[in-house]
Every structure is written in structure tokens, then in C-alpha cells.
Amino acid sequence: RHAVCIFYLVLRALDTIEDDMTINLDVKVPMLHEFHSYLYQPEWKYTESKEKDRQVLEDFPTISMEFRNLSKVYQDVISDICHKMGVGMAEFLEKKVDSQHEWDKYCHYVAGLVGIGLSRLFSASELEDPIVGQDTELANSMGLFLQKTNIIRDYLEDQVEGREFWPREVWSRYAKKLSDLAKPENIDMAVQCLNELITNALHHVPDVLTYLSRLKNQSVFNFCAIPQVMAIATLAACYNNKQVFRGVVKIRKGQAVTLMMDATNIQAVKAIMYQYVEEIYQKIPSADPSSNKTQQIIASIRTMSVPGGHMASRHHYCPIYLSCAMLLAALSWQYLSTISKATEEYVQAGEN
């Protein structure tokens, strides 16, 4: 737990430097390259960031001290991943994502390496078998599936912020500029582009299922599985959906709670994956340029998700305290939201 926590904080600090557009490149690039070495410098900190998460840089001596208190086996993993990620981030500071190969490469640097690092920590802790940390291809796919889902979903937000992560090789077949996809007159081509990228992301699902099938520890399984089922649900919501180019597409709170409660074993996760790829399959337009590829990858996922030709059951014995806690959280959230809205309306009425 401590190793994963420190791993997160270290990468959050690294990411904050990458995101800070006020740092000149001649300063930022060396910082990204050398960031892993700051873990062993007790006094190092950075106090000039303007980013919202700047506290992790200002208080970095606290983080690096806790890092140095970890077992060496954990330190080695975190330092190594931090080094590789910093180099990768620096590489993409001055170039855009052009080919699908570069899209995979960028996602590897910012997310695949996280999956690889976590997997190595799971194995180092002996909570999981050595193969989990050794099979970097599967661990990389875990990260790529999540990152591609975020990139696909966040098209409009990234456009507003001036960021572009969709690969030129794909979007250039549908528009002259990536920003053109947001124009109402281009919506049909935009949706076709969207569907092609979702089809690309779905190719990671078989690796995700293989990875999850190897996990033995319940806490590790939950930690890994929940983001993956959230991602497939998000892709199903985004597929063939014009709203991606008009606003934010998110899964419902109740849907998220249900996924968190259900995703506690591999058979349940397979059933969830099956459910959402079927949802996508039902929405495939016959005239979509990617329709054949989408159908093919869904057929592969179906094969993995339905052992022996029977759909895996999502009904299993989840600990009763977990079910109660999730239900209580959902009800509390709903109650507080309702009370907050009612109070706001009451105050507004009083002011009027």
C-alpha cells in the first residue's frame, strides 16, 4: 500500500512538471530527464510551478523521504519507471502524435509504464506470482486501454485546452484539422473517426482479461479490475455517440457503483466485458468504414468472455459488508445531492 501510494505521488509530481506550460522547455526537458535522481536528493523541491497540484513539488522532500524509507526492491521499480516516463514525456513535448504507432508509444510512456510498474510492485510484494511483473506486454495493455479511453472521451475538453492526442494518421482521413471534427457540419465524419479509435482501443481487451485472470489477491484484483470495467462502460457510452463532440460523456453514478460491486472476480469481469461489447455491437452502423474491424474484435472478446459457449455469470458472493458500504455510499450521495439542490433552490427563492 505504501509503495503504491508513493509511486502515485512521485508520478503526480513528474506529471505536474510536464503539464506546467509556464516552465520553459530548456528548463523542463532536463528536469524530466533528471527527475528520477531527485528521489535521492533530500532537499530537492520546486517552488515555481503554477499548476493546481504544485503542492507535490513544493513538499517533494516529504515524498522523497518516504520513498527512501521503502524497501529497496520497491525503490528500484519506482525509480526505473520514473526515469523511463520522464524521458518519454520529454520526447513528446515538442512533437504531436502522428501515427497509430506513436499513439501507442505516447500511451505507453504516460500509462503503460504505470501498469508495468504496478505489476512489478505486485510481484515484488509476493502478493502475486512473478509472471505478473515479468509479462510487460500484458501490463502495458492494461495502461493503454485506460489511457486510450480517456483520450477518446476527452476530445472536446482537450480541444478547449489546446491539447491534441488523437493520432493524425486516423483523424486526417476524416478532416483537414482535428478541431474540424467539432463542427456540426462534420458530425458524421467525426463519429466515424470516433468509432475507428474505439475499435483500436478494444484490441487491448483480450490482454486485459488474460492479465486479470492471473491475479490471485482479492485487493489487487479489485484495484486492477474496477478501472478496466469503467473503461469498457465508457467506450460503450461513447461509441457512435455525437455527444462526444458536443460535451462530456460519462457513465451514471449508479452504473459506476454497480460496476465497483460486481467486478470482484474474473468470471464477473468477463460477463461485464461481454455485456458492453454486445452493447457496442448493437450500435455498429452498417455503413461505418470500421464496421468489419469492430465486429472482428468483438467476436474475439466474445470468445474469451463466454467459456464453453455459456455466458459467464455476474452473480457471485460479494462480501456483505462491501455491498452494504457501496449501497450506503450511493444512497448518501443521492441524499446529499438532493438536499444540496433543495437548499440552493430555497436560498434562491428567499433572495427573489
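Because the structure is predicted, anything quoted here is derived from the model rather than measured.

## Digging into the pattern of salt bridges
Phase 1 of the analysis: Taken as a whole and assessed by the stated rule, the structure comprises 20 salt bridges.
Phase 2 of the analysis: The residue Lys72 makes a salt bridge to Asp76 at a minimum N-O spacing of 2.7 Å. Pair noted here: Lys72 and Asp76 are both in helix H5 (residues 72-93), with a separation of four residues, about one helical turn.
Phase 3 of the analysis: A relative accessible area of 36% places Asp76 in the partly exposed class.

## Some thoughts on the packing of helix H1 (residues 2-19) against helix H6 (residues 100-124)
A packed helix pair is summarised by two numbers, namely the angle formed by the two axes and the spacing between the axes.
Phase 1 of the analysis: Interaxial distance between H1 and H6 falls to 11 Å at its minimum, and their mutual angle equals 165 degrees. Put simply, H1 runs roughly antiparallel to H6. When the axes of H1 and H6 are compared, the crossing they make is right-handed. Between H1, through Ala3, Val4, Phe7, Leu11 and Glu18, and H6, the contact on the second element is made entirely by Tyr106, Val114, Gly117, Leu118 and Leu121.
Phase 2 of the analysis: Within the contact of H1 with H6, the residues separate by chemical class into eight nonpolar, one polar and one charged.

## Here we look at the nonpolar core
Phase 1 of the analysis: Counting 107 residues, the largest nonpolar core has Phe35, Trp166, Leu181, Tyr211, Leu212 and Phe245 as the members making the most contacts within it.
Phase 2 of the analysis: Counting residues per element, this core draws most heavily on helix H13 (residues 218-238), at 13 residues.
Phase 3 of the analysis: With sequence-adjacent residues up to four places away left out, Leu212 is seen in contact with Met142, Phe221, Cys224, Ala225, Ile266 and Val269.

Rules of the game
- Residues numbered from 1 in each chain as written.
- Predicted model: local features only at pLDDT ≥ 70, side-chain atom pairs only at ≥ 80, totals over all residues.
- Heavy atoms only, no water.
- Salt bridge = Lys/Arg side-chain N within 4 Å of Asp/Glu carboxyl O.
- Helix = DSSP H or I, 4+ residues; strand = E, 2+ residues; numbered from the N terminus.
- Buried < 20%, exposed > 50% of the residue type's maximum accessible area, 1.4 Å probe, protein only.
- Axes fitted to C-alpha atoms, helices over the stretch in contact; angles between N-to-C directions.
- Parallel < 35°, antiparallel > 145°, perpendicular 65-115°, else oblique.
- Left-handed = near helix turned anticlockwise from the far one by under 90°.
- Contact = heavy atoms within 4.5 Å.
- Nonpolar A, V, L, I, M, F, W, Y, C, P; charged D, E, K, R; others polar.
- Core = buried A, V, L, I, M, F, W, Y, C linked by side-chain atoms within 4.5 Å.

Purely geometric stuff here, so don't read any function into it on its own.
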